[in-house]
Each structure stands twice: as C-alpha cells, then as structure tokens.
2 protein chains.
Amino acid sequence: MPRPPSTVPPPPSSASPERGHGSTGPVRLGPGTGAHAALTPLAVELRDGFWNTRRQVNARTSVPQGPGLLESAGNLHNLRVVAGTAEGEFKGAYPFVDSDVYKWLEAASWQLAQQEDEALAADVDRIVALVAAAQQSDGYLNTWFQLLKGGERYKDLRWGHELYCAGHLIQAAVAHHRATGRSELLDVARRFADHVDSVFGPPGSGKPVDGIDGHPEIETALVELYRETGEHRYLDLAGYFVDRFGHGLLGGEAYCQDRVPLREATDVEGHAVRQLYLLAAATDLATETGDGELRAAAERLWAAMTAAKTHVTGGLGAHHDEEDFGDPYELPNERAYCETCAAIASIQWSWRMALLTGEARYSDLIERTLYNGFLSGVSLDGERWLYVNPLQVRDGHTDPGGDQSARRTRWFRCACCPPNVMRLMASLQHYLASADAGGLQIHQYVSGRYAGDLAGTPVAVTVGTDYPWQGAIALTVEESPADRPWTLSLRVPQWCRDFRIQVGETVYDRSDAPVTDGWLRLERSWAPGDRVVLELGMEPRLTTADPRVDAVRGCVAIERGPLVYCLEQVDHPGGGLDDMVIDTTRPPAVKHRPDLLGGVTTVVAAGHRRHIPEAGWWPYRTAEGAEAPEPAEPLELTAIPYYAWANRRDGSMRVWLPTS
Amino acid sequence: MPRPPSTVPPPPSSASPERGHGSTGPVRLGPGTGAHAALTPLAVELRDGFWNTRRQVNARTSVPQGPGLLESAGNLHNLRVVAGTAEGEFKGAYPFVDSDVYKWLEAASWQLAQQEDEALAADVDRIVALVAAAQQSDGYLNTWFQLLKGGERYKDLRWGHELYCAGHLIQAAVAHHRATGRSELLDVARRFADHVDSVFGPPGSGKPVDGIDGHPEIETALVELYRETGEHRYLDLAGYFVDRFGHGLLGGEAYCQDRVPLREATDVEGHAVRQLYLLAAATDLATETGDGELRAAAERLWAAMTAAKTHVTGGLGAHHDEEDFGDPYELPNERAYCETCAAIASIQWSWRMALLTGEARYSDLIERTLYNGFLSGVSLDGERWLYVNPLQVRDGHTDPGGDQSARRTRWFRCACCPPNVMRLMASLQHYLASADAGGLQIHQYVSGRYAGDLAGTPVAVTVGTDYPWQGAIALTVEESPADRPWTLSLRVPQWCRDFRIQVGETVYDRSDAPVTDGWLRLERSWAPGDRVVLELGMEPRLTTADPRVDAVRGCVAIERGPLVYCLEQVDHPGGGLDDMVIDTTRPPAVKHRPDLLGGVTTVVAAGHRRHIPEAGWWPYRTAEGAEAPEPAEPLELTAIPYYAWANRRDGSMRVWLPTS
C-alpha cells in the first residue's frame, strides 16, 4: 500500500571527496574482482549521514588511539624485542597478539586512503618499519614463538596461530599498498608468504609440512595477495589450505573446522569466526577459479546458517564455551555469544557471496549485521568495546568481568575485536555498491557518491538519505553514458513490506514495481540530473521467530527499517525489565530523539509490568494454578536501537519481549 | 479430594537385613549428629522397591567395576609410582585424579557395611594399602604435585586441588572406619589432616600458609573427621577454611567462591559444585557450633537457589562455561549444565539443612533431585554416565563428544561424577529418615525398615510401597515403647495436591489432616502391628514455571509424583521432537510399562506436530504473518521418566513441551 512521500532528504554535501595521500584513484577492496564474480565492487565516497558519522568516530577516535593501546598491551614491545631494539619478556596472554598490530595497520591504511592525516601516516610508517625490522631473514615472524618457544615453528598448528598472524600481516600489507602505493609492508608480506609456501604443501610436494592453521585467515589473505601481485602461487597455496581442513590434520575437531571437508559439510559448525573466515576463503577461491563445488558448499552453508543459526541482530555463535555455533534453532538471548569478530566475518563472507552470485539476500544479511550485531560492538564514542553481543542482560545480572562482560571495556586481554571493528569501519565504503556490464547496484543506502564506469564511460549517482531514521532515499544521476541505456539496481530490503518509488513522473509501489529477487531494476537511458526517489515503509514491526527457536517463544522483537530495537533498564525507572510484557494489540509509535544517544528514533510501545505472585521457595507450579488473572500495571515501553545499548548506565536489557 | 485407596502394597520382604563385615551396628553417616541439629539421621535397611534396585545395580555393577576403570585411567598407577612400586609418568589430565580413587573407596566402604563381598573387600584392602604406601612420611599425598611438580606444595591453591583431594581421602577414611571398624585408612587421613593443620592457619597463628583450596571439600571432611575422632582441632580447621573464602586469597573470583564471604553472600554464585560443598560445610559448622550467622547464610542461599536457579529436575548450574550458576531465572534447557556432581552436592547439603532445621522442604528438594537430576547421571545398567544433564537435546544436535556429551559415556577424562554417584548410591540409606526425642520422621518413601530408639527404647517401622509408580505407602509399627506416645512424622511432598491417610479406622484427607509445614505428624501411643496407609495423589501434572524463566515460556513439563518426565525421539517415530506441541486441554493418561526401561510408568498425552511454514532463508517474520491457522497432525505423546532417558537409541529429548 503506497503512502504519501515524506520529506525528501537533500542531496549530500557537494564538498569534493577526501583523498588519501599517495592514492592514485579509487581504492579497491580485493574480494570480488575474480573472473567468476557476477559483480565488481565499487568504492563509495561517503558524505554526511549515519555511517559517515560512525566512520568519522572511527577515524578520529578509535584508529588514532590504536598505537597507544598496542603499546600499553605490549604488542609493540614484543616486536621491538624480536627486532633487537628493546629488551624484556613477551607481553600478552595469547599467541596471536601480533595480529592486533596487523589489523590496526590495515585499518589505518584504509583510513589514509580516505583522509590526509600526517600523525596517522607517521604512526603507520613507524609500525611498518618495526614489523619489517622484526621479520626473520627467511621471512618468518611471530613474537610468541620467537620469544616464548625458542623459535620453534609450526609445531602447534592447532593453537599456535602462526599462519593466522601471517594472514593478517598479508592482508594489512595489501591494504597498505592499495591505500598508499608504497610497498614496504607488501615486501614483508611477500617474504612471509614465500616462506610459508616453501614450508607447507601436500604430501609428495617436497614441502616439509602438510598442515593448516587452527584458525583460518591466511587463506583469504593469500587470495588478496594474489590479486595484488598477480603471483598465482599464492592462490594455489590458499586453495591447498582450504581443502586440507576436515581431514584430521588438527585432530578432527569441529572447533578448528577439521571435522569434515567444507565440500561435504551440510551446516556451519564449530568456532564461528573460524568457520566464517574459512567460508570467505572458499568463496574467494570460487570467485577466482570458478570452482562450482566450493561455490555450492558456500551457498548451502550460508542458507543453513541464516535459516537456523543466526540471531535477529545478525549475531552468530550461540555458545560461550568454545565460541561456537550451537545446534539448529539454538539461539539463546542472555548467553548469545555473537562475537563482534563473527559479525565482521559474516559481513566479509556475505559480501564475497553477493559479488560472486549477484543475489540481494547476501546484502540483506550484511545490512542487518552492520546496523545491529556489528555496530553494537563499539561504543558511540568509539572508545569502548563489546566482545560478546548478547540479546539480553537480566535483572540481577552478575557481571563476570573480563572479555566476555556485557559492559563495554576499554581493551581486552584477547583484543581481537577492536582492531577488527576499526578495519571494517575504515573499509566500509567497499561493501555498499557494485557494478556489472549492465549498470550499478546499490546494496546499502548510505549518503554519498557512487561512481564507476560502464565499458570505459564514467557513470555516477549520488545518494542522499536520512536512512535508517527515514525511509526516503533520493538518487540523482551525475554522470551517464549518453548513448545507451543501463540499469540502476536498488535493493529492496528483505524486511521491507511496502515501498513506493518515483522515477521521473512515474510512481510505482510494491504491486507494480519491477522487483526481481530483491532487486528493483530500473533500466533506461539515464541523463545527468535524472532523479529517483525510493521510499521504504518504515512502520515499526513486531517480529516473531520460527517456533523452533525455543528461546523466544511467546515473544516479539521490535524492528524498524534495518534496526533491531531493545529495551534498556535506564529508560524504565522503578524496576527491572524481566517482569515486562508488551501489548501487541496496540501499534507502537515512533519518536525521534535528537538528544538521545547521538540522535536516535525510538519506538514507544504499550505494555505493563506483570504481577508475579509470591512463589514460595519453588518457582514451578501446576498449570491450573498459574492461570489466575493478572493485575497489570500499564507502562510505556521505550525501545532504542540495539546498536546503541550499553552506552549509558549499567542495567538490564532485552531484545525479545514477552507478549503475555 | 480423597480418592478410594488403590491396592495397598505388601510389606517388604522379611529377610533379615544384610550386614557388612566388621560392622558392629547400624552404620551412621556423619552429618547431623552435631549438638545443634534438630534431627538425628537414621540408617534405613532398604528392601525391595525402586531404590533397592538402583542400589543393587550400584553394588553389583558400578562399584565392582571401579578398580578396573581406575587402573585403565592411570589413577592407581600414579599412586604406585609415588609409592615406589612402579615406574612411569603421571597419567591423567587433571591434578585431582587421586580423588577418584578416594571417592571409590568411600563408595566401596559404604557398600561393605551393607553386604558381605570378599572380592570387594580385597580390592578395598589392596587400594587402602596402596594409598598408605604412597603417603609421604609427613602425611602429604598428591600424585600430580609429587610426579609432575617436583613435590612443590601449596603453590597453586587456586587450581591445584591438593586440599580437595585430601578432603576426599579423609571422607573415605571416615566411611571406611565406620563401615569396617578398621583404622588403616583413618590413620592415613589423620596424618594428612595433622599435616594440613600444621601448614594452614590465619595470620599470626605461626602456620606458614594462610590459604584455602580453590575447590571446597576438605571442610566437610574435617568436620566428619572431628565427629569420628573427637579431635576438636579438625573442626577448628574446617571453620578457619570456611571463613577464609571471600577475602581474595584466590584472586577474588566467584568461580572459586572467593568473591564475597559466605556470611555476607545474598545468592549462590560461581562454580556450582564448589558453592554447594562450601555451603554443606557451613551447615556442618552451624550444626556443630550453633553459629547462627552461618545458619542464616545457608538458609538464605538455599532459598535464593531454589527460587531462581534450580531446574525442575533439581539440576543446578546453568553454564557450561566455568560450570557455574547463571543469573536468577536463567535456566536454559539444551545448555543446562546440571552436573551430576552438583546434584549430589545439593542432596548432601540439603540433608544437612534438613537435619539442622527439621524443615520438610529440604527433603522435598532431595526427593526431586534424587529421582531426576541425580539418577539421570547413571545408566540403568550402572555402566555408563552423564556428566551434564541437559533438559533438551535438539533435533539435529551435533554431539560434541567428550565429557560434556549428552550421550552416556563409559568413563570421563574428568571422572569426578561416576565415583560420586557410587558413593551417594551406596550411602543412600542415610538420607531417608531421622529421629528426634519425640519420634521418627520419614523423609523419603522407600521400602524398608526404619529403626531407631527413643530415649533408649527401640522403635521400628517398616515401609512397603511401590512408590514412585504408585502413591500408596503402607507403614507398620514393628517395635515401640509401650509406656508413652511418640510422633510418627510423614513428609507430604511439596508436589502433592491431594492425599488420604488411614490410621487405624480414621481416614483423613488434605482438608483435615494434621499437616504442619510439610509434615503430617501422627502422635499417639503406638503398638507393634499398628498400621498407617498414606496414599498420595498421583495424577500427572502439567507444570509451568515462574514467568521470568524465559527458557520455558509457553511450555509445560509433565510430572507425576516425584518424577519429572520427558519425551524421547525413539518413542515418536517419523520425525523429531522440536515441532511437537502438547494439548493441555486433554488430561494425560498413565500407563505402566513393565517391559520398558526396567519397568516405568509412562504418561501419555495428546499433542500434534506443528506445521512449520517454509521460512525461506530468514526465520524471523512480522507477527501478523505468523498468525496463520496451523494444520495440526494429531499425535500421541509418550513421556518417560527423565531419569531413564538416554538408555536407548541416540536422539532428541525434551522436558519442556510447547503448548501452542
């Protein structure tokens, strides 16, 4: 049912896009440039709007604080000791602490590609030089093994994370080279990759070790290195690693992705981040080589994961124990693990799938994850982090402290998540849009300039929107080939029940718009100044789950647009949240609150506090006894976007709300 | 509402009770003999019936298999190496493997008190001699530290389990002495206890170490040793240990019970077994010393635990991670940890509370735990074990293998539970009844002979019953003082909604029976041959939970008498369990199945398989869309007692059943 258009947002500011030092053109992100991809990624110039704000917090606060935090935690110290420029013992609790440095370098590199920043550039130069100085003459580098294990190598592949760290180094080097055009770090990465290639190989290859790392990561990095250098050996090595999982080289545990080969797997399992990084690599390989079996496995596992193992926030990983996927439909609330790194890995994998297949649903999941289970991982001020992202904090919760706390923390003992957030946030512009021979595809609605070329002719569209607060998205053609039609494809989000779109003088709604598999495809001869206004229906939704999701039986979640909402105790004085009930017979209202949490649209619903009869000492009773009519205390429930939770006072929180 | 009495069961067989070798009278269990206890425990001679069968399986299968299993796992080997009679390295994965040996010795000792068994006695003698030979000259013994840590002592109290192991050795020695009258093991225990007493003490005591063990256990054992020897130093040492928890000696973690002193605690927290053993010790101390503050803490924490942290099976411990209690009302099903050892610890603590206070509710929880969350820990054949006792196994469950598997296992890497089950099963007769100056109290309805004395005059009652399958319990006075009235107290279970009782010619029901705080108290002049028939209403119950128990919203559990029921996939061919719905409008029926699972009464309920609409790739949808009428496929649901699950084919299982 079409609705009258609301205020159409202004176009984004026309300030010329910022440009990084040393960059010679649009910075490309690796995934998806392979021969078998349906789509090619397009780097977007963000301007104004929701994500630009988040990106600026990342650029101005999170990323600049990195070197100081890596200094305090000892990561840089370890590299200096290995380089011989400092003395002391290894600092840190885990064998993968080097990877925090590399992830930060990657984030800073993407950052430098967008924005001049002399101080940041100096930090990057200094730390790149330190990494280069720490590298062994044969290319190896891992401070844990060099300082604590007497230089022993590749003897503890299950837990040692040597190739995992190498992978993050390689990925950082690719970013650094793409962003700055400089090759100091890429040279380090190539030496390390060549070393790894000289050591690892299948039986009969003459290489000394037939093995894989307990934590996938080097595989995607090697594909990226292949893309950056053209050296086919790196692609082959990635393929070798991916196919050696599942053969018992690591003891056969699902935790390490070693229970079953990916090509035979029927469901995601084990440690969530490991599973997702491995699947991203499999997708990269399918994209580069056309391997149909790997593609089919990736499609199959993505479908299994989203159908039965994904929280409504896009969060992944049901178990604290082993940080793993649980059983199908096992999606707990207070014990949802939903590691921030898993949300990032999910976005990285889904984007590769989107580019490989051209299908919109992958970007549906990316949108959901970006706005909810990923963004919750960093505080609004960019200074504090969540490692786990539960969907509930109970009244009377005892905070365990440590990394798995539901309270934001300045840094973690296992600090994998913060620099991972930084690198995704700094490269966010690569996950938003794509092109193919026939036109442009807008996957995410972010204010900015979307530019590419069609067979050599420039094409550009600007997007102006107050999304996700408002549903109106104004697109203006800036450049277009004059001589031929092309297709502007707009993703109609999976959550969207109604929309209207105005193209020139024509207005469509869901009943007559040309939507195919989630894409609204507008093919015509476009001219500069042509204007399209898409308006997505933004009524709040009360969402239920498949009845097999036992954890949320008899509950609804509030959603609006791409945002999942939650209640926080701080907005409901006079009690906790666990006795609250939402009244689903009265439609929720929407209230924008510019004063609140940096400006959020709240959803206000009717509800009440349940009167809970005195239980005595035993909280279970026969069903008949529980049917007594329930005196209700009416109450207004104020829901805020989930991503913004835990930015005020500690207290309870709920995404899923009982309906009776 | 009284019902006509069903068939009254015959009295138990009149065979003279079995008597252990070397025993000179009824074997007493320590807890409860203290000066401040309201009640004194009474050892019951079990005859026929439900628990006698389970006890015989323990005696004939589980306990005799112990030495072979301890041999295979390396526990006995370690002791031989320390004793110098074998060579080799330490075997086993944990510093507490010695305790498995001691728990087995305790079980075997209780067993020998009830039943002549030359082979078992020889095994006990052999292993007692081995333990004595392994003890250091100054009393210390711990094979992990002696073999792996170069004899280093008390440097890793948080994780080392040295005093924990000492505690189990002491407890075994007390049992051995009580059961056999022999003192070889008691001498070992005293030497160890004297050594510990020479090392540990508060600042200013002149003792070298002010410390506690990360896992409580020695505290109850020391109280027992005090009871057995009369040596007050052991009681004082127990008191010192109990009061040093909560002061940061172990780093202040809740896991180790070190976050807050017990006297100030307001809720149970941390590792469940540690919490429960510590509370048992606090109760022992209150019983012996009259310490009102410790008693109040124990009462407060028991009430908090049962009101918000106990599963309907009596199982305790919500988290796999750290094996700990969760938040209030956090009671998951598939991830219920409910360690078998925690059920045992709960029974041990609650029995101490029952004796200290005389209150019936503690035995209500014991009954619930015995028949459900404890008994599920051992297979019907006594040969396989569960470490965790979940309330749900999902369709499509991936078994993680290892100790936390929901499939029964022959032995565990961490084998704490099996010998713990053996020792509780072998001492079960001590947890059933009590006496005070005014009469006898029957806490649990188990066929057998309940004998004590009232001011020196023998008093005895026999109980005959087919409980828990039938509700009729026939009590016959066998011996009684002729000259004065006394009170026969019968516990009316917390779950019981109606009953009738016939005393001589008088029949009472719930409306007019003299029930006070769960006790039906019959005071009169009893004569041999007097007969009481209590008949508990055994209609199946559909049970709901406090609405704050989110995990079971919209569900009921089937209960009958003291038994919690569950569905198993094997009884429902043609599909899984996760799409099943119970119809609560039709009362369930009862069907005794002598052929099934050793003879169980099943509960048959009406239900259907839910038609689950095709979800596409995303399992969440707007509430309106989910309201479509649901084609139902009617189905008969067959529920079996929870304790008997996982004794047939692997498959899914559910305790809580959705109602719509």
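Rules used throughout
Residues numbered from 1 in each chain as written. Chains lettered and ligands numbered in written order. Predicted model: local features only at pLDDT ≥ 70, side-chain atom pairs only at ≥ 80, totals over all residues. Heavy atoms only, no water. Helix = DSSP H or I, 4+ residues; strand = E, 2+ residues; numbered from the N terminus. Contact = heavy atoms within 4.5 Å. Buried area = accessible area lost by both parts, 1.4 Å probe. Salt bridge = Lys/Arg side-chain N within 4 Å of Asp/Glu carboxyl O. Polar contact = N/O pair within 3.5 Å; in protein donor to acceptor, adjacent residues only side chain to side chain. Nonpolar A, V, L, I, M, F, W, Y, C, P; charged D, E, K, R; others polar. Pairing = 2+ DSSP bridges. Expected span 1.5 Å × (residues − 1). Buried < 20%, exposed > 50% of the residue type's maximum accessible area, 1.4 Å probe, protein only. Least-squares fit on C-alpha atoms with pLDDT ≥ 70 in both. Phe/Tyr/Trp six-rings, centres within 6.5 Å; stacked < 30°, edge-to-face > 60°. Axes fitted to C-alpha atoms, helices over the stretch in contact; angles between N-to-C directions. Left-handed = near helix turned anticlockwise from the far one by under 90°. Lys, Arg positive; Asp, Glu negative; His and termini not counted.

Undergrad: Lay out the side chain of Gln275(A) in plain terms, naming residues and giving numbers.
TA: Relative to the helices and strands, Gln275(A) is located in helix H10 (residues 272–289). For Gln275(A), the residues in contact, after removing those within four places along its chain, are Gln257(A), Leu262(A), Asp267(A), Val268(A), Glu269(A) and Phe325(A).

Undergrad: Hey, could you go over the interface of chain A and chain B for me, with residue numbers and the actual values?
TA: Taken together, the contact between chain A and chain B spans 58 residues of the former and 58 residues of the latter. Between chain A and chain B, a total of about 5,200 Å² is buried, with carbon and sulfur atoms accounting for 55% of that surface. One can count four salt bridges joining chain A with chain B. Close ionic contact of Asp550(A) with Arg654(B) constitutes a salt bridge, the shortest N to O distance being 2.6 Å. Summed over the shared surface of chain A and chain B, the number is 28 residue pairs in polar contact (both at pLDDT 80 or more). Elements supplying a minimum of two residues to the side of chain A that touches chain B: helix H11 (292–308), helix H13 (361–374), strand S15 (541–545), strand S16 (555–560), strand S21 (620–622) and strand S24 (656–658) of chain A. In terms of residue count, S15(A) provides more of the side of chain A that touches chain B than any other element does, five residues in total. Considered class by class, the residues forming the side of chain A that touches chain B number 22 nonpolar, 15 polar and 21 charged. Two strands pair when backbone bridges link them, and S21(A) and strand S15 (residues 541–545) of chain B are joined in this way by three bridges, in the antiparallel orientation.

Undergrad: Requested: an account of helix H4 (residues 118–134) of chain A, with residues and values cited.
TA: All names here are of chain A. Counted at 1.5 Å a residue, the expected span for H4 with its 17 residues is 24 Å, and the 24 Å between its end C-alpha atoms agrees. For H4, every residue scored as buried is listed here: Leu120, Ala121, Asp123, Val124, Ile127, Val128, Leu130, Val131 and Ala134. Next to the buried residues of H4 lie helix H1 (49–73), helix H2 (75–83), helix H3 (98–114), helix H5 (143–148), helix H6 (162–180) and helix H7 (184–199). Its side-chain oxygen placed 3.3 Å from the backbone nitrogen of alanine 119, aspartate 117 serves as the N-cap of H4.

Undergrad: Residues and numbers for unusual backbone geometry, please.
TA: Negative phi values dominate among residues other than glycine, just as trans dominates among peptide bonds. All names here are of chain A. For the bond running from tyrosine 467 to proline 468, omega is 5 degrees, close enough to zero to count as cis. Position of proline 468 relative to the elements: it lies in the loop between strand S7 (457–465) and strand S8 (472–479). The phi dihedral of glutamate 322 is positive, around 70 degrees, even though this residue is not glycine. Position of glutamate 322 relative to the elements: it lies in the loop between H11 and helix H12 (340–357). The phi torsion at tyrosine 329 lies on the positive side, around 70 degrees, for a residue other than glycine.

Undergrad: Describe the relation of the copies chain A and chain B, naming the residues involved and giving the relevant values.
TA: Turning chain A through 180 degrees and shifting it by 0.0 Å along the axis lays it on chain B, with an RMSD of 0.0 Å. The relationship between the two copies is best expressed as a two-fold rotation axis. An overlap of 100% is found between the interface residues of chain A and their copies at the interface of chain B, pointing to a shared contact surface.

Undergrad: Please give an account of the packing of aromatic side chains that cites residues and values.
TA: All names here are of chain B. This model, assessed by the stated rule, comprises 52 aromatic pairs over all chains. Pairing tryptophan 51 with tyrosine 371 gives two aromatic rings, centres 5.2 Å apart and planes at 65 degrees, and the pair type is edge-to-face. Pair noted here: tryptophan 51 is in helix H1 (residues 49–73) and tyrosine 371 is in helix H13 (residues 361–374), with a separation of 320 residues, a long-range link. We classify tryptophan 51 as buried; its relative accessible area is 3%. Tyrosine 371 sits in the buried class, given a relative accessible area of 2%.

Undergrad: Break down the packing of H6(A) against H7(A) for me, with residues and values.
TA: All names here are of chain A. As a packed pair, H6 and H7 sit with axes 8 Å apart at the nearest point and diverge in direction by 145 degrees. Note that H6 runs across H7; the crossing there is left-handed. Of the residues in H7, those in contact with Glu162, Leu163, Ala166, Leu169, Ile170, Ala172, Ala173, Val174, His176 and His177 of H6 are Glu184, Leu185, Leu186, Val188, Ala189, Phe192, Ala193 and Val196. Its residues assigned to classes, the contact of H6 with H7 shows 14 nonpolar, two polar and two charged.

Undergrad: Go over the pattern of salt bridges with me, naming the residues and quoting the values.
TA: Evaluated as defined, the whole model comprises 86 salt bridges over all chains. When the shortest N-O distance is used, the salt bridge between Asp125(B) and Arg182(B) registers 3.2 Å. Here the residue Asp125(B) occupies a position in helix H4 (residues 118–134), and Arg182(B) occupies one in the loop between helix H6 (162–180) and helix H7 (184–199), the gap between them amounting to 57 residues. The partner of Asp579(B) in a salt bridge is Arg609(B), and the shortest N-O contact between them spans 2.9 Å. With Asp579(B) in the loop between strand S17 (563–568) and strand S18 (580–582) and Arg609(B) in strand S20 (residues 600–609), this residue pair connects regions lying 30 residues apart in the sequence. Here Asp579(B) falls in the buried class, since its relative accessible area comes to 18%. According to the relative accessible area criterion, Arg609(B) is buried, its value standing at 8%. By sharing partners, the salt bridges in this structure join Arg178(A), Glu224(A), Arg227(A), Glu228(A), Asp284(A), Glu288(A) and Arg352(A) into a single network.

Undergrad: Tell me about the side chain of Asp403(A), and name the residues and values.
TA: Residue and element names in this part refer to chain A. Within the secondary structure, aspartate 403 sits in the loop between strand S3 (392–393) and helix H14 (417–426). No salt bridge is formed by the buried aspartate 403; its nearest oppositely charged neighbour, arginine 413, is found at 5.7 Å. Among the polar contacts listed, one links the side chain of aspartate 403 to the backbone nitrogen of arginine 413, at a separation of 3.1 Å. A polar contact is formed between the side chain of aspartate 403 and the backbone nitrogen of cysteine 414, at a distance of 2.8 Å. Discounting residues that sit within four places of it in the chain, aspartate 403 has contacts with Tyr387, Phe412, Arg413 and Cys414.

Undergrad: Any chance you could break down the sheet that holds strand S4 (residues 433–436) of chain B for me, citing the residues and the numbers?
TA: All names here are of chain B. Taken together, the six strands give an open sheet; going across it, the order is S1-S4-S5-S9-S13-S12, and neighbouring strands pair in mixed fashion. At either end of the open sheet lies a strand with only one pairing partner, and these are strand S1 (40–42) and strand S12 (515–516). When strand S5 (residues 439–442) meets strand S9 (residues 486–491), the two strands line up parallel, connected through four bridges. Pairing of leucine 440 across the sheet is with leucine 488, part of S9.

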